[in-house]
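The lines below spell out each chain.
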Amino acid sequence: MRPDARAWFSGRTSTVRSAADVDVGALLHAKRRGGHRVSVVLPARDEEATVAGLVSDLVERWVHRVPLVDEVLVVDSDSTDRTAERARAAGAEVVAAADVLAAHGSRPGKGEALWKSLAATTGDLLVFLDADLLGDVSHYVPGLLAPLLADQQVGYVKGCYTRPLEVGGHSTPAGGGRVTELTARPLLNALWPELAGFVQPLGGEYAGRRSALEQVPFLSGYGVEVGLLVDLLGLLGLGRLAQVDLGVRRHTSQDQEALGRMAGQVVSAVLSRSAAGSAGAGGLLTQFRSDGGGFVPVSTPVAVDERPPMVTVPEYRAGRAGVV
Ligand SMILES: O=c1ccn([C@@H]2O[C@H](COP(=O)(O)OP(=O)(O)O)[C@@H](O)[C@H]2O)c(=O)[nH]1
Ligand SMILES: O=C(O)[C@@H](COP(=O)(O)O)O[C@H]1O[C@H](CO)[C@@H](O)[C@H](O)[C@H]1O
């Protein structure tokens, strides 16, 4: 690791691996002293199996029992199951991504849901959690908020963790984060070595100041995390980024073909931010399925599609944004 990345890794990595590591009094004091309002956002597409447990635990612990969180929003990202119904019953506010800033249309993808969440929330501090997390993650929100509440200079915090791999009901203690290890990390180390200290650059759990998040574009699909990391590096500088070791992260994993498409979006995102640029890039990923009688090509668009910084949206600036 380069000296700047190593210094960052040593100086800007904190640890909150369980509720025992959370200093609730200090967090509440810092929140009150700073006059902060906290929004937690869960982007969710077809997460009926997990979203309600996550939301009910979050609401009970960090809204009702300890007033650390002011708003819990599930952004329903074109779900076809009972995600919205179950999230609402568990105590979350729920909006359909398509309903937010409807005049700007609706695009598929996780990043689209996250971009629209900026217009559907009111907190100056935002925390993002995937809606397919498994196990006890109740310390994630305070862990992610702590660096922001402790240091006004910190603008963005990524969670990091070990990542068991659970595919088809079989679990191994490591091996998760396949796109991270096989695509994102090698690319980031090659193109932005100052980011080499981030343990989980693609992790879906992170927090930031609205004043920063509203200044950068949001890639519409799975390129959103790598896009935010590179763009916020440019906006804030490495010294204003941080990470927190949250212990272990378990989630429902996708199959290799799906992760291949995710990797394609991550590569497109990286190319769009690198000097190589994406000019001439086909923007199409062709994978192959074997049907026993030969190979069947399956092509998927992975070209970059992004939304502009939210501050450029007139309805947002006028304060009229939200569900229309
Ligand atoms: O079009 C999409 C795709 C994903 N997601 C959500 O984004 C999070 C991460 O997505 P996924 O679980 O598919 O990625 P993985 O964790 O497998 O990398 C989950 O809460 C998904 O429900 C979303 O809101 N819209
Ligand atoms: O980190 C990764 O390699 C991928 C896939 O993780 P797994 O191999 O399914 O554990 O998961 C992340 O990547 C996505 C793209 O950035 C994020 O949107 C997900 O939240 C995150 O789980």
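This text follows the structure it describes.
Below you will find a few notes about this structure. (Residues numbered from 1 in each chain as written. Chains lettered and ligands numbered in written order. Predicted model: local features only at pLDDT ≥ 70, side-chain atom pairs only at ≥ 80, totals over all residues. Heavy atoms only, no water.)

**A word on the overall build of the chain**
Consideration 1: Across its full length, the chain holds 11 helices and 16 strands.
Consideration 2: Taken over the C-alpha trace, the chain has a radius of gyration of 19 Å; the compact-globule value for 324 residues is 20 Å, and the two agree within 12%.
Consideration 3: Buried positions account for 52% of the 324 residues belonging to the chain.
Consideration 4: In the chain, 75% of the contacts between residues at least 6 apart in sequence involve partners at least 24 apart.
Consideration 5: Carbon and sulfur atoms make up 54% of the accessible area of the chain, which amounts to about 13,700 Å² in all.
Consideration 6: Computed over 32 positive and 36 negative side-chain charges, the inter-centroid distance for the chain is 4 Å. (Helix = DSSP H or I, 4+ residues; strand = E, 2+ residues; numbered from the N terminus. Rg over C-alpha atoms; globule rule 2.2 N^0.38 Å. Buried < 20%, exposed > 50% of the residue type's maximum accessible area, 1.4 Å probe, protein only. Contact = heavy atoms within 4.5 Å. Areas by Shrake-Rupley, 256 points an atom, 1.4 Å probe, with all protein chains shown as cover. Lys, Arg positive; Asp, Glu negative; His and termini not counted. Charge placed at Lys NZ, Arg CZ, Asp CG, Glu CD.)

**A closer look at the packing of aromatic side chains**
Consideration 1: Taken as a whole and judged by the stated rule, the model has 4 aromatic pairs.
Consideration 2: A ring pair is formed by Phe128 and Tyr206, whose centres lie 5.4 Å apart and whose planes are at 40 degrees; its orientation type is tilted. Of this pair, Phe128 sits in strand 5 (residues 125–128) while Tyr206 sits in strand 10 (residues 206–209), and the two are 78 residues apart along the sequence.
Consideration 3: With a relative accessible area of 2%, Phe128 lands in the buried category.
Consideration 4: Judged by centre distance (6.1 Å) and plane angle (20 degrees), the rings of Tyr140 and Tyr161 are stacked. (Phe/Tyr/Trp six-rings, centres within 6.5 Å; stacked < 30°, edge-to-face > 60°.)

**Focus on the environment of Ala52**
Consideration 1: Following the sequence through the fold, Ala52 ends up in helix 3 (residues 51–65).
Consideration 2: Sequence-wise, Ala52 and Val296 are 244 residues apart; in three dimensions their C-alpha atoms are separated by 39 Å.
Consideration 3: When residues no more than four places from it in sequence are discounted, the contact partners of Ala52 are Arg86 and Ala90.

**Description of the side chain of Ser220**
Consideration 1: Along the chain, Ser220 falls in the loop between strand 11 (218–219) and helix 9 (224–236).
Consideration 2: Using a relative accessible area of 3% as the deciding quantity, one classes Ser220 as buried.

**Some thoughts on the environment of Leu101**
Consideration 1: With respect to the secondary-structure elements, Leu101 resides in the loop between strand 4 (93–96) and helix 5 (110–119).
Consideration 2: Here Leu101 falls in the buried class, since its relative accessible area comes to 3%.

**Quick look at the pattern of salt bridges**
Consideration 1: What the rule picks out here adds up to 21 salt bridges.
Consideration 2: Close ionic contact of Arg65 with Glu60 constitutes a salt bridge, the shortest N to O distance being 2.7 Å.
Consideration 3: Note on Glu60: relative accessible area 35%, which makes it partly exposed.
Consideration 4: Among the salt bridges present, the one from Arg273 reaches Glu306, with a minimum N-O distance of 2.7 Å. With Arg273 in helix 10 (residues 256–273) and Glu306 in strand 16 (residues 306–307), the pair connects residues that are 33 residues apart, well separated along the chain. (Salt bridge = Lys/Arg side-chain N within 4 Å of Asp/Glu carboxyl O.)

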